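# Working through the structure, step by step
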Amino acid sequence: MQVPFSGFEVPSLLYLVVLLAGLVTVAALLYVTRPPVTQRTVLAFAPWVASGAALHVFYQLGSRPGQQVYPGWAEPLFAAPAVYVTTFVVMGVVWLASMVLGTARGGERLATRYLGVVGTGVLLALVGLLVWQALGPALSPQPVAPLLTLIGTAALTFVVYMLIGTWRTWVLAEARLVGGLVLFAHLLDGISTAVAVDVFGTTERSLLPAQIMEFAGTLPTEPYLGTGWLFVVVKLAVASLIVVAFADYVREEPVRGNLLFAVIIAVGLGPAMNNLFITFLGV
């Protein structure tokens, strides 16, 4: 059955209460402490989003017969979308601790650095565990496709962002790093989905992407381009419009603008990294 979001699972009432309590508590503490939310802060969020995707991959591996990864009581915390709430709570605690350490050492900018460094360390550790899992006899790793997808997406993001800057020069000056990351996140989601569907024959379970690709399958381009290309075009168009439309908001309301872009980035980067990790593992 197709659902609005792939793998969407609503946890039981107990876990829902625990997750919401953690989310509200951390969000309230962050609201009170008001840590700086700059472009660098949004970049520091990125490895945490990717870590959430990796944690969900372990949950997906654990759903295979005889391959339980998490203890039974912890599994609902790493289903989707609960895993991103779990990751946010952990990231929020690290962010608050980073604020304390950064302020104690004489600079709030250090808080962003600590947040990014810890997030990167967590991500590298999780990727190392995924590589270890891939070396097992039960999986058939495919490292080339994810690597080429990352490189190709980065190159295409650069080209598109420069073209947007040529068309609307003020966009690059106002959206800067977060604008590029929005494009990269959603292009990566589109391209990784297209590769999974057209190259590896994966069935898309999310409703809207599946409908877009189903329509692409009716076009005369299907024998030559497959069905995923239209989803990539849609993702690129939407992401580009968002960057152009909200670039001035980042300048006028930097905290709210950066947070808005952070959410948009997470919506694309989380599923994209999940696609890459799943493709790498050959699941």
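That block above? That's the structure.
Residues numbered from 1 in each chain as written. Predicted model: local features only at pLDDT ≥ 70, side-chain atom pairs only at ≥ 80, totals over all residues. Heavy atoms only, no water.

### Focus on the overall build of the protein
- Counting secondary structure elements, the protein contains 10 helices and zero strands.
- Reading the helices (α) and strands (β) of the protein from amino to carboxyl end gives α-α-α-α-α-α-α-α-α-α.
- Against the globule reference of 19 Å for 283 residues, the protein gives a C-alpha radius of gyration of 19 Å, in line with a compact fold.
- C-alpha atoms of the protein, sized along the principal axes, occupy 60 × 55 × 35 Å.
- Counting over 283 residues, the protein shows a buried share of 46%.
- Considering only intrachain contacts with a sequence separation of at least 6, the fraction spanning at least 24 residues in the protein is 76%.
- Placing the 12 positive and 12 negative side-chain charges of the protein at their respective mean positions leaves the two points 14 Å apart. (Helix = DSSP H or I, 4+ residues; strand = E, 2+ residues; numbered from the N terminus. Rg over C-alpha atoms; globule rule 2.2 N^0.38 Å. Buried < 20%, exposed > 50% of the residue type's maximum accessible area, 1.4 Å probe, protein only. Contact = heavy atoms within 4.5 Å. Lys, Arg positive; Asp, Glu negative; His and termini not counted. Charge placed at Lys NZ, Arg CZ, Asp CG, Glu CD.)

### Describing the pattern of salt bridges
- All told, the structure shown has three salt bridges when counted by the stated rule.
- Among the ionic pairs, Arg251 bridges to Glu174, the shortest N-O distance being 2.8 Å. Highlighted residues: Arg251 in helix H9 (residues 229-252) and Glu174 in helix H6 (residues 169-198), separated in sequence by 77 residues.
- Measuring nitrogen to oxygen at the nearest pair gives 3.6 Å for the salt bridge that ties Glu252 to Arg251.
- Linked through salt bridges whose partners overlap, the residues forming this network are Glu174, Arg251 and Glu252. (Salt bridge = Lys/Arg side-chain N within 4 Å of Asp/Glu carboxyl O.)

### Section: helix H4 (residues 109-134)
- Taking 1.5 Å of rise per residue, the 26 residues of H4 would be expected to cover 38 Å, and the 38 Å separating its terminal C-alpha atoms lies within 8% of that figure.
- Among all positions of H4, only Leu110, Ala111, Thr112, Leu115, Gly116, Gly119, Leu123, Leu126, Leu130 and Ala134 are buried. (Expected span 1.5 Å × (residues − 1).)

### Thoughts on the environment of Leu139
- Along the polypeptide, Leu139 turns up in the loop between H4 and helix H5 (144-167).
- For the pair formed by Leu139 and Val283, sequence separation is 144 residues and the distance between their alpha carbons is 6.8 Å.

### As for the packing of aromatic side chains
- What the rule picks out here adds up to two aromatic pairs.
- Look at Tyr70 and Phe78: their rings are 4.1 Å apart centre to centre, the planes differ by 10°, and that puts the pair in the stacked class.
- Classification of Tyr70 by relative accessible area gives buried; the value is 12%.
- Among the residues examined, Phe78 registers a relative accessible area of 12% and is labelled buried. (Phe/Tyr/Trp six-rings, centres within 6.5 Å; stacked < 30°, edge-to-face > 60°.)

### Some thoughts on a nonpolar patch on the surface
- A cluster of nonpolar residues, Val144, Leu147, Leu148, Leu150 and Ile151, forms a patch on the protein surface that exposes about 480 Å² of accessible area.
- Along the chain, the position of Leu150 falls in helix H5. (Patch = residues over 30% accessible without salt bridge, like charges linked within 9 Å, V, L, I, M, F, W, Y side chains within 5 Å. Areas by Shrake-Rupley, 256 points an atom, 1.4 Å probe, with all protein chains shown as cover.)

### What about the nonpolar core?
- If you look at the biggest cluster of nonpolar residues, it comprises 67 residues, and the most contacted ones within it are Phe78, Leu115, Val171, Leu269, Met273, Phe277 and Leu281.
- Within the residue set of this core, elements represented by two or more residues are helix H1 (13-33), helix H2 (39-62), helix H3 (82-104), H4, H5, H6, H9 and helix H10 (254-281).
- Sort the elements by how many residues they give to this core and H2 lands first, with 14 residues.
- If we ignore the near neighbours within four places in the chain, the residues touching Leu281 are Val57, Leu61, Leu130, Ala134, Leu139, Ser140 and Pro141. (Core = buried A, V, L, I, M, F, W, Y, C linked by side-chain atoms within 4.5 Å.)

### A short note on the environment of Glu75
- Within the secondary structure, Glu75 sits in the loop between H2 and H3.
- Non-local contacts of Glu75, meaning those with residues more than four positions away in its chain, are made with Tyr59, Gln68 and Tyr70.

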